[in-house]
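The primary structure of each chain is shown beneath.
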There are 2 protein chains.
Amino acid sequence: MEPLYRRILADLTDRIARGDLSPGQMLPSETEIGAQYGASQGTARKALSLLEARGILERRQGRGTFVAVSTDETALFHFFRLRDAAGALVTPVLERQSVTLRDATPDEVALDSPRVYEIDRLRRIDGRLAARERVVVAADRFPGLGERQTPANALYPFYQRAYGVAILTASETLAPAVAEAGQDGLEVAAGEALLLIRRQAGDVAGKVAELRRCTYAMAELTYAVDLR
Amino acid sequence: MEPLYRRILADLTDRIARGDLSPGQMLPSETEIGAQYGASQGTARKALSLLEARGILERRQGRGTFVAVSTDETALFHFFRLRDAAGALVTPVLERQSVTLRDATPDEVALDSPRVYEIDRLRRIDGRLAARERVVVAADRFPGLGERQTPANALYPFYQRAYGVAILTASETLAPAVAEAGQDGLEVAAGEALLLIRRQAGDVAGKVAELRRCTYAMAELTYAVDLR
DNA sequence: CAGTGGTCTAGACCACTCC
DNA sequence: GAGTGGTCTAGACCACTGC
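Under an unreviewed UniProt entry, chain A has the name GntR family transcriptional regulator and belongs to Jannaschia ovalis.

Novice: So what exactly am I meant to see when it comes to the overall build of chain A here?
Specialist: Broken down by element type, chain A carries 5 helices and 10 strands. Across its three principal directions, the C-alpha atoms of chain A cover 65 × 40 × 35 Å. Contacts in chain A between residues at least 24 apart in sequence constitute 57% of all its contacts with a sequence separation of at least 6. With 30 positive and 31 negative side-chain charges, chain A shows a spacing of 4 Å between the two charge centroids.

Novice: Help me understand the pairing of strand β10 (residues 222-227) of chain A, please; the structure alone is not making it clear to me.
Specialist: Within a regular strand, the side chains alternate between the two sheet faces. β10 of chain A sits mainly inside the fold: 5 of its 6 residues count as buried. In terms of strand pairing, strand β3 (residues 82-83) of chain A meets β10 of chain A through 2 bridges, oriented antiparallel. Bridging across to β10 of chain A, leucine 82 of chain A finds its partner in tyrosine 223 of chain A. Inspection of the sheet shows β10 of chain A paired to strand β7 (residues 167-178) of chain B by 5 bridges, in the antiparallel sense. Each residue of the ladder has a partner; that of alanine 224 of chain A, found in β7 of chain B, is threonine 173 of chain B.

Novice: Where do I start with the packing of helix α1 (residues 4-17) of chain B against helix α3 (residues 41-53) of chain B in this structure?
Specialist: A pair of packed helices can be characterised by two numbers: the angle between their axes and the separation between those axes. Residues and elements named next belong to chain B. Put simply, α1 and α3 touch, their axes get as near as 8 Å, and they point 50 degrees apart. Comparing the axis directions of α1 and α3 gives the class oblique. Considering how the two elements wind past one another, α1 and α3 form a crossing that is right-handed. Counted together, Leu4, Tyr5, Ile8, Leu9, Leu12 and Thr13 of α1 and Thr43, Ala44, Lys46, Ala47, Leu48, Leu50 and Leu51 of α3 form the full contact between these two elements. Residues that form the contact of α1 with α3 fall into these classes: 10 nonpolar, 2 polar and 1 charged.

Novice: Looking at this structure, I do not really get the sheet that holds strand β10 (residues 222-227) of chain B. What am I missing?
Specialist: Pairing between sheet strands relies on hydrogen bonds along the backbone, with the strands arranged either parallel or antiparallel. Strands sit in the order β4(A)-β5(A)-β6(A)-β9(A)-β8(A)-β7(A)-β10(B)-β3(B) across an open sheet of 8 strands; the sheet is antiparallel. Single-partner strands in this sheet number two, and they are β4 (93-103) of chain A together with β3 (82-83) of chain B. By the bridge criterion, 10 bridges tie β4 of chain A to strand β5 (residues 115-125) of chain A in an arrangement that is antiparallel. Residue pairing across strands places serine 98 of chain A opposite aspartate 120 of chain A, the latter belonging to β5 of chain A. Those strands touched by helix α4 (residues 72-79) of chain A are β7 (167-178) and β8 (193-203) of chain A together with β10 of chain B, and its axis lies near 50 degrees from that of β7 of chain A.

Novice: Hey, could you run me through the protein's contact with DNA strand D in this one?
Specialist: Taken together, 21 residues are adjacent to DNA strand D, and Leu4, Tyr5, Ser40, Thr43 and Lys46 of chain B come closest. When atoms of DNA strand D within 4 Å of the protein are sorted by moiety, sugar and phosphate together comprise 78%. A distance of 3.0 Å separates a phosphate oxygen of DNA strand D from a polar side-chain atom of arginine 45 of chain A. Side-chain polar atom of threonine 43 of chain B to a phosphate oxygen of DNA strand D: 2.5 Å apart, as the coordinates give it. Listing elements by their share of the surface near DNA strand D, those giving two or more residues are β1 (57-60) and β2 (64-67) of chain A together with α1 and α3 of chain B. When its residues are assigned to classes, the surface near DNA strand D shows 5 nonpolar, 10 polar and 6 charged.

Novice: Before we go on, may I ask you to explain the sheet that holds strand β5 (residues 115-125) of chain B in this structure?
Specialist: Across the sheet, 8 strands lie side by side as β3(A)-β10(A)-β7(B)-β8(B)-β9(B)-β6(B)-β5(B)-β4(B); this open sheet has antiparallel pairing. Of all the strands in the sheet, the pair left with one neighbour each is β3 of chain A together with β4 (93-103) of chain B. Looking at chain direction, β7 of chain B and strand β8 (residues 193-203) of chain B are connected through 11 bridges and run antiparallel. Paired with serine 171 of chain B across the strands is glutamine 200 of chain B, a residue of β8 of chain B. Those strands touched by helix α4 (residues 72-79) of chain B are β10 of chain A together with β7 and β8 of chain B, and its axis lies near 50 degrees from that of β7 of chain B. Against the sheet, helix α5 (residues 156-163) of chain B contacts β6 (128-138), β7, β8 and β9 (208-217) of chain B, and its axis sits at roughly 155 degrees relative to β9 of chain B.

Novice: What should I look at first to understand the interface of chain B and chain A in this one?
Specialist: Interfaces are frequently sized by the accessible area removed from exposure as the parts join. With 29 residues of chain B in contact, the opposing surface of chain A contributes 29 residues. Its largest share of buried area at the contact with chain A, chain B owes to Pro176, Leu227 and Arg228 of chain B, together 32% of the area lost on that side. On inspection of chain B and its partner chain A, the count reaches 0 salt bridges. Counting across the chain B and chain A interface gives 8 residue pairs in polar contact (both at pLDDT 80 or more). At the level of elements, α4, β7, β8 and β10 of chain B are the ones that each hand at least two residues to the side of chain B that touches chain A.

Novice: Would you take a moment to explain the relation of the copies chain B and chain A for this structure?
Specialist: Relating one copy of the chain to the other requires a rotation about an axis plus a shift along that axis. In the superposition of chain B on chain A (RMSD 0.0 Å, axial shift 0.0 Å), the rotation amounts to 180 degrees. Considering both components of the superposition, the chain copies are consistent with a two-fold axis. Looking at the rotation axis and the C-alpha trace of chain B, the residue lying nearest is proline 176 of chain B, at 2.4 Å. Interface overlap between copies: 100% of the residues of chain B at the interface are likewise at the interface in chain A, consistent with a symmetric, same-surface contact.

Novice: Help me understand the protein's contact with DNA strand C, please; the structure alone is not making it clear to me.
Specialist: Not every one of the 21 residues close to DNA strand C is listed here, only the nearest: Leu4, Tyr5, Ser40, Thr43 and Lys46 of chain A. Counting only atoms of DNA strand C within 4 Å of the protein, the sugar-phosphate share comes to 78%. The backbone of glutamate 30 of chain B places a nitrogen or oxygen atom 3.0 Å from a phosphate oxygen of DNA strand C. Of all the secondary-structure elements, those providing two or more residues to the surface near DNA strand C are α1 (4-17) and α3 (41-53) of chain A together with β1 (57-60) and β2 (64-67) of chain B. Looking at the surface near DNA strand C residue by residue, the class counts come to 5 nonpolar, 10 polar and 6 charged.

Novice: What am I meant to see in the pairing of β9 of chain B here?
Specialist: All names here are of chain B. Counted residue by residue, β9 has 9 buried out of 10 residues, so it is predominantly covered. As defined by bridge partners, β6 adjoins β9 across 6 bridges and the pair is classed as antiparallel. Looking across to β9, one finds that valine 136 is bridged to leucine 211. If you look at the hairpin formed by β8 and β9, you'll find 4 residues sitting between the two strands, and glycine 206 has a positive phi there, around 90 degrees.

Analysis parameters
Residues numbered from 1 in each chain as written. Chains lettered and ligands numbered in written order. Predicted model: local features only at pLDDT ≥ 70, side-chain atom pairs only at ≥ 80, totals over all residues. Heavy atoms only, no water. Helix = DSSP H or I, 4+ residues; strand = E, 2+ residues; numbered from the N terminus. Contact = heavy atoms within 4.5 Å. Lys, Arg positive; Asp, Glu negative; His and termini not counted. Charge placed at Lys NZ, Arg CZ, Asp CG, Glu CD. Buried < 20%, exposed > 50% of the residue type's maximum accessible area, 1.4 Å probe, protein only. Pairing = 2+ DSSP bridges. Axes fitted to C-alpha atoms, helices over the stretch in contact; angles between N-to-C directions. Parallel < 35°, antiparallel > 145°, perpendicular 65-115°, else oblique. Left-handed = near helix turned anticlockwise from the far one by under 90°. Nonpolar A, V, L, I, M, F, W, Y, C, P; charged D, E, K, R; others polar. Near = heavy atom within 4 Å. Polar contact = N/O pair within 3.5 Å; in protein donor to acceptor, adjacent residues only side chain to side chain. Buried area = accessible area lost by both parts, 1.4 Å probe. Salt bridge = Lys/Arg side-chain N within 4 Å of Asp/Glu carboxyl O. Least-squares fit on C-alpha atoms with pLDDT ≥ 70 in both.

Put into structure tokens, the structure is as follows:
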């Protein structure tokens, strides 16, 4: 028998993943949610606290409980790890990007979709073309992405705003490399150090929602991680 | 007024950090801990659950609550992120290591100690000298480290077993680099890709307990991270 | 079987936010 | 002042562990 708080947890997660509850929306009080599931306030509270710990909800004493909203700040803070020599956040500037609709390749099975959009972005760091990011998402989860205005900066707030897809987790694989001249369309010299990053990003329900392959020319840059 | 559960939390953390409660030791039951602090079982439970979430305690229904023990497995799982091309854990083999007692350098102020031990390790990956790790700890927290037998593999279980210092967190800074021939005493050719990693590792109380500077020759290797 | 943590309740009071 | 989450209690029953 599954504990009551787990059922509340699963049901709320599901409703948020389906878009039944949207970003920024206020939830009923603990007492009321408890009543809806035939549970006490304490049991509803347990589920709500767990959802808060996962970053799915935000709760504030005196205000209420809200579906967490992804902003440029939170997205950068969680998922953008490039820092300069002093440890300060680096902000690449978009040079150009293209969006293509195509068939998924075999190594994109995790997206579980035959058709995908690929967003290809070239960005400048300190004036130099030093970042190339190829982002792939399932076409059926992001319908009409090719016709939309895609944002110049963080994609995750856009995913949430336009499609209700909240990115909460990512697993990355990093490898250093030595550049060939002009590799990946970047302004890099042969023999320069590069950092190659592959990312799988997951949504509220833990499903893979995005894949990326990035190349960064790393003169003076570092990648910062916290392990727990 | 600080909430009761926070005082229990802080006090237990402190007792573990001081070595008053040692790794593997069983704690009293929830009810009894509550009684010791003049609190109910539910309040003690809240503190204990938080300590479990932080990895400081381990709790098991029917068995009891125990101070978490660092094993080779948990240490590798949390803090050793090198993987081979297939994503499997890489196991470097110790070639040789040396331990030196010396004055702390200015960039080691985080250790808050005038004297430090430096453990310098060279390790083989797939038969090649491909890993150099320089580990620095405060001499007064690890007395006699130079005279002890230091382990061939994971240091963190050793820190905990021998000195009661449990490593729970680490922030790392990664940078790719291009090797010079024989750099850092490794068997690397000029122009090969390297990964440089600096780490600050924190203990139960959040204090910096260890610094490391590592160099890895990365042919076919990757570094895996999970972001949340 | 006794003892542990895990779930759940019903109710109290406090701290904060907003009108 | 009304409504929210945050803390805390006392007690119940269940599920699991180990003797």
